[in-house]
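Structural overview for review
Read off the chains here:
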Number of protein chains: 2
Amino acid sequence: MPKLWNETIAGHRETVRETIMDTAWRLVGERGLSAVTMSQIAEQAGIGRATLYKYFPDVEAIVIAWHERQIGAHLARLAAIRDEHTDPGAALRAVLTGYAHLSRHRGAHPGDLTSFLHRGAHTDTAQQHLRALVTHLVADAAAAGAIRTDTAPDELATYALHALAAAADLPDDAAVNRLVGLVTAGLLPDPGA
Amino acid sequence: MPKLWNETIAGHRETVRETIMDTAWRLVGERGLSAVTMSQIAEQAGIGRATLYKYFPDVEAIVIAWHERQIGAHLARLAAIRDEHTDPGAALRAVLTGYAHLSRHRGAHPGDLTSFLHRGAHTDTAQQHLRALVTHLVADAAAAGAIRTDTAPDELATYALHALAAAADLPDDAAVNRLVGLVTAGLLPDPGA
């Protein structure tokens, strides 16, 4: 049964890959990016160094792969939140709330890791996906009359995403919910229009 | 007249310092941070290498000094805008508009310079001054009934400054003015309150 065999191999490889990423992330969190070596990761993951190098060329590549997986999970979570709602205004508000709460915990990487991770090209791609997701929601909500139509959807999305990034500086969930309230108020139809 | 003599010396030193900063900034903009040497800066500024080293230890220090001067000028500009207004709501709106337009051009540093500059401790201090300036304006505007009072001034300032940073992604001044309109709408008293 070559097909089943291949699936087993692929599943095994994926399990090893995930173990490597989780181990590296934990070690980097404990010791800092520059203090972790490939040998330490191999040892803690319970694999040989030669095997580790078949998966990743260096520590930085493992950390970036972890971050890509994390960003992918966040985008999937926001898409799932969107799909829970049929009303466009409610969907937009729910996704913005979800994004704000994700943003509050996002910056909490140890040491110099945040600036390292956010220099990567993979975050640009993720940012574009996020922007596209929110822009579509804004356009739908505008078409449904739930938000203002005097400003283009991509400008409204740019405003909302930047404003919600303020969540990283806020102390608790209640403050994050108040922030979402402010951002949503900015999106409402202009009362003077 | 020792006092006058000292003033002349200080004035001369300040002129040389400014010339060095402007020269270094121009060269770094043309060639990139890593390609510019102290010798090139000395030559283009019309001073000796030994003299240059009496002012700055390396190229990075000159670029940071330029950036500190630039940030100081921006903060002074915002304080001047504030002082043009007696009405607290008008002062807040004017300062937020000024900040948005400064933000639009702020990110336009060549190459890897933006991430280098924004890692520096001097930008943290500047950020705190900016935050304090806007928080005071927000508190005054709230006390005057011009904006909402259901959220603390420092949270409103955090929201406004993050949202206005979106200006760096906007194509023109008209879009920046629309962004200021969105942010200001978020600050208005909650119509449901």
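Owing to the predicted nature of the structure, the values given are computational and were not obtained by experimental measurement. (Residues numbered from 1 in each chain as written. Chains lettered and ligands numbered in written order. Predicted model: local features only at pLDDT ≥ 70, side-chain atom pairs only at ≥ 80, totals over all residues. Heavy atoms only, no water.)

1. Looking at the overall build of chain A
Along the backbone of chain A there are 9 helices and 0 strands. Going from the N terminus to the C terminus, chain A shows its helices and strands as α-α-α-α-α-α-α-α-α. On C-alpha atoms alone, chain A measures out to a radius of gyration of 21 Å, which is more than a quarter above the 16 Å that the 2.2 N^0.38 rule sets for 193 residues. Here the C-alpha coordinates of chain A stretch approximately 65 × 45 × 25 Å along the principal axes. Sorting the 193 residues of chain A into buried and exposed places 42% on the buried side. Taking contacts inside chain A between residues at least 6 apart in sequence as the whole, the part at least 24 apart equals 63%. Counting only carbon and sulfur atoms, one obtains 55% of the accessible surface of chain A, whose full area is about 9800 Å². (Helix = DSSP H or I, 4+ residues; strand = E, 2+ residues; numbered from the N terminus. Rg over C-alpha atoms; globule rule 2.2 N^0.38 Å. Buried < 20%, exposed > 50% of the residue type's maximum accessible area, 1.4 Å probe, protein only. Contact = heavy atoms within 4.5 Å. Areas by Shrake-Rupley, 256 points an atom, 1.4 Å probe, with all protein chains shown as cover.)

2. Some details on the interface of chain B and chain A
Listed by partner, the interface residues are 22 residues for chain B and 22 residues for chain A. Both sides of the chain B and chain A interface together cover about 1800 Å² of buried area, and 66% of this is carbon and sulfur. At the surface where chain B touches chain A, the tally comes to 4 salt bridges. Between Arg178 of chain B and Glu155 of chain A there is a salt bridge whose closest N-O contact spans 2.6 Å. Applying the counting rule to chain B against chain A returns 5 residue pairs in polar contact (both at pLDDT 80 or more). Broken down by secondary-structure element, the contributors of at least two residues to the side of chain B that touches chain A are α8 (153-164) and α9 (173-187) of chain B. Its residues assigned to classes, the side of chain B that touches chain A comprises 11 nonpolar, 4 polar and 7 charged. (Buried area = accessible area lost by both parts, 1.4 Å probe. Salt bridge = Lys/Arg side-chain N within 4 Å of Asp/Glu carboxyl O. Polar contact = N/O pair within 3.5 Å; in protein donor to acceptor, adjacent residues only side chain to side chain. Nonpolar A, V, L, I, M, F, W, Y, C, P; charged D, E, K, R; others polar.)

3. What about the relation of the copies chain B and chain A?
For the pair chain B and chain A, the best superposition has an RMSD of 0.1 Å and corresponds to a rotation of 180 degrees with a translation of 0.1 Å parallel to the axis. Considering both components of the superposition, the chain copies are consistent with a two-fold axis. Of all interface residues in chain B, 100% are interface residues in chain A too; the two copies therefore contact each other through one and the same surface. (Least-squares fit on C-alpha atoms with pLDDT ≥ 70 in both.)

4. Thoughts on the pattern of salt bridges
Residue and element names in this part refer to chain B. Under the definition given, this model contains 16 salt bridges over all chains. The partner of Arg104 in a salt bridge is Asp173, with the nearest N and O atoms 3.4 Å apart. With Arg104 in helix α5 (residues 88-106) and Asp173 in helix α9, the pair connects residues that are 69 residues apart, well separated along the chain. Overall, Asp173 belongs to the partly exposed group, its relative accessible area being 40%. With a shortest N-O distance of 2.9 Å, Asp150 and Arg148 are connected by a salt bridge. Asp150 gets classed as partly exposed once you look at its relative accessible area, which sits at 44%. Look at Arg148 and you get buried, because its relative accessible area is 6%.

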